Every structure is written in C-alpha cells, then in structure tokens.
Amino acid sequence: MPDPTTRSAAQLATLIAIPVALLVGIGTFLLLRPPADDGEPAAAPTSTAPATMPTSPVEMPAPALTERAELVCRALVSQLPTELDGLPQRPVTAGPEQNAAYGEPPITVACGGEPVEYEPTDQVYPWEGVCWRPDPESGDPDPESGDPSVWTALGREVPIRVTVPASYDGPFQYVLEFSRPIAETVRSTEAVPAGCTD
C-alpha cells in the first residue's frame, strides 16, 4: 500500500510540473513562430524631403565667366554633393557648369558674378578652411520674414554664394556642407576678415 506522504509529494510535484511545462511550451511557441502578417507594410523611414520632390529645373542666372573662372566653377560643381541633408540635387535653367540647386524650395549654389565687398570687422563664420559671410542685405534668416539668407565664401578667386530659403531652420548647417568642395577647388587669393584668421 503506497505511503500517504509519498503520494502527496508525487501529487504536488505533478501539480507544479504541469503549469511549468505549459509555460515552457507557450514560451517556445512564441519565440519560434513566424511574425504575424497583418497586411500592413512596415513603416518607411521618415525624411526631411517633401513626399513629392519637383524635378523641374530651378531658375538661376548664369553670369558670364572668364575662361579661368569657368574652369574653376566646373571643378567646384563636379565636387558638390549629389544630395544635401536628404535633399536631392536638381537641374538648373542656366549655367550647369557654375550653378547647383537642392530640394524644394531650392537651396542654391552660384559660382561667378561680382565679388562681394566686406570690412575686416564684418561678422564671419570659418568652417573647414572657408570663411563665410552672411549678406546683411539678404534679410533676416527667419521663417517669419520670408527672406532667404545669402552666404558668400570670402577671399576666393571666383565668388561663391549659397542661398538658403527662410523655410529651412539653421541655414548655416546647409552652407557648411559646401566648405570642403570649395576649399579643395577654389583658390584663396586674399586676406579675409579678422574673424577668419588663425
């Protein structure tokens, strides 16, 4: 005749073992089952670019260039990024050898034109070997004003200007992306304001 103590211990062990086995089985099933397909595609990564980016050419002037300036501008344009912080490069209406545009509204880069006059005490921003000066007449770079900000790379053999529409926050973050190509392709020819000297 079985011992009552042994029988109780066996029953208790069975009562514990069954839920534990069930939990292990459920856990294994959840780990090994394929993900459920609810028919909805995975969310696409977000982008700062509009859902539909225009592919039409951006209207830009193309000032006449000397032979040397054209050579310099072609070298610069060839080194510009094809994308600017997620904004694709767009064609331009004139001067593809000296102009570039990105996104909508377009951020533009213009090589050539009249050199800008400046004072040694002007507010300037050095970045990767290029001295940038915001144009004081281009308006307040504030979305409320609606005026774009215009930035000139100072002391270069050919003038280079970058225009950033007011709808972009922190315009200089876009401008600085062009410093390295400019430093590598457009020779520095003159002294720059005190804020850009070592």
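The following refers to the structure shown.

Reading the values: the criteria
- Residues numbered from 1 in each chain as written.
- Predicted model: local features only at pLDDT ≥ 70, side-chain atom pairs only at ≥ 80, totals over all residues.
- Heavy atoms only, no water.
- Helix = DSSP H or I, 4+ residues; strand = E, 2+ residues; numbered from the N terminus.
- Buried < 20%, exposed > 50% of the residue type's maximum accessible area, 1.4 Å probe, protein only.
- Contact = heavy atoms within 4.5 Å.
- 1 Å grid on protein atoms, 1.4 Å probe; cavity = no way out; pocket = protein on both sides within 12 Å on 5 of 7 lines; lining within 4 Å.
- Points joined across faces, edges and corners; volume = space filled by probe spheres on them.
- Nonpolar A, V, L, I, M, F, W, Y, C, P; charged D, E, K, R; others polar.
- Disulfide = S-S within 2.5 Å.
- Core = buried A, V, L, I, M, F, W, Y, C linked by side-chain atoms within 4.5 Å.
- Pairing = 2+ DSSP bridges.
- Salt bridge = Lys/Arg side-chain N within 4 Å of Asp/Glu carboxyl O.

Some thoughts on the overall build of the protein
Of the regular secondary structure elements, the protein holds 4 helices and 8 strands. Ordered by position in the sequence, the α and β elements of the protein form the string α-α-β-β-β-β-β-β-β-β-α-α. Of all 198 residues assigned to the protein, the portion counted as buried reaches 31%. Taking all contacts inside the protein whose residues are at least 6 apart in sequence as the whole, residues at least 24 apart take part in 62%.

A closer look at the layout of surface pockets
In this structure, the largest pocket encloses a volume near 150 Å³. Forming the boundary of the largest pocket are 13 residues, of which Pro-115, Val-116, Gly-155, Arg-156 and Glu-190 lie nearest the centre. Across the lining of the largest pocket, the residue classes break down as 7 nonpolar, 3 polar and 3 charged.

Some thoughts on the state of the cysteines
Under the counting rule described, the total for this entry stands at 2 disulfides. Here Cys-73 engages in a disulfide with Cys-111; their sulfurs sit 2.0 Å apart. Measuring handedness by torsion sign, the sulfur bridge of Cys-73 and Cys-111 sits at about -80° and is left-handed. With Cys-73 in helix α2 (residues 67–79) and Cys-111 in strand β4 (residues 107–111), this pair connects stretches of sequence that are 38 residues apart. Note on accessibility: Cys-73 and Cys-111 belong to one class, buried. Paired by a disulfide, Cys-131 and Cys-196 hold their sulfur atoms 2.0 Å apart. Measuring the twist about the S-S bond at about 85°, one finds the Cys-131-Cys-196 disulfide to be right-handed. In this pair, Cys-131 sits in strand β6 (residues 130–134) while Cys-196 sits in the segment after α4 (179–185), placing the two residues 65 residues apart along the sequence. Cys-196 carries the same exposure label as Cys-131, and that label is buried. Disulfide connectivity for the protein, with bonded cysteines indexed by sequence position, reads 1-2, 3-4.

Details of the nonpolar core
One finds Trp-132, Phe-178 and Ile-182 to be the most contacted residues of the largest nonpolar core, which totals 29 residues. The biggest single contributor to this core is α2, with 4 residues. Residue contacts for Trp-132: discarding those within four places in its chain leaves Val-124, Tyr-125, Trp-127, Trp-151, Thr-152, Ala-153, Val-162, Phe-172, Val-175, Phe-178, Ser-179 and Ile-182.

Describing the pairing of strand β3 (residues 99–102)
Burial of β3 is two-sided: the residues Asn-99 and Ala-101 facing one way and the residues Ala-100 and Tyr-102 facing the other way are all buried. Note: strand β2 (residues 87–90) against β3, 2 bridges, orientation antiparallel. Bridge pairing links Arg-90 to Ala-101 in β3. In this sheet, β4 lies alongside β3 in antiparallel orientation, the contact comprising 4 bridges. Paired with Tyr-102 across the strands is Ile-107, a residue of β4. Here β3 hands over to β4 after 4 residues, with Gly-103 in that stretch at a positive phi of 70°.

Topic: the pattern of salt bridges
One pass over the structure, following the stated rule, counts 6 salt bridges. Asp-122 is paired through a salt bridge with Arg-133; the nearest N and O atoms lie 3.0 Å apart. On the criterion of sequence distance, the pair formed by Asp-122 in the loop between β4 and β5 (125–127) and Arg-133 in strand β6 is long-range, its members being 11 residues apart. Here Arg-180 makes a salt bridge to Glu-128, at a shortest N to O gap of 3.0 Å. Pair noted here: Arg-180 is in helix α4 and Glu-128 is in the loop between β5 and β6, with a separation of 52 residues, a long-range link. Assessed through its relative accessible area of 38%, Glu-128 is described here as partly exposed. Overlapping salt bridges, with partners in common, bring together Arg-68, Glu-157 and Arg-187 in one network.

Function-wise, these values are silent; they only describe arrangement.
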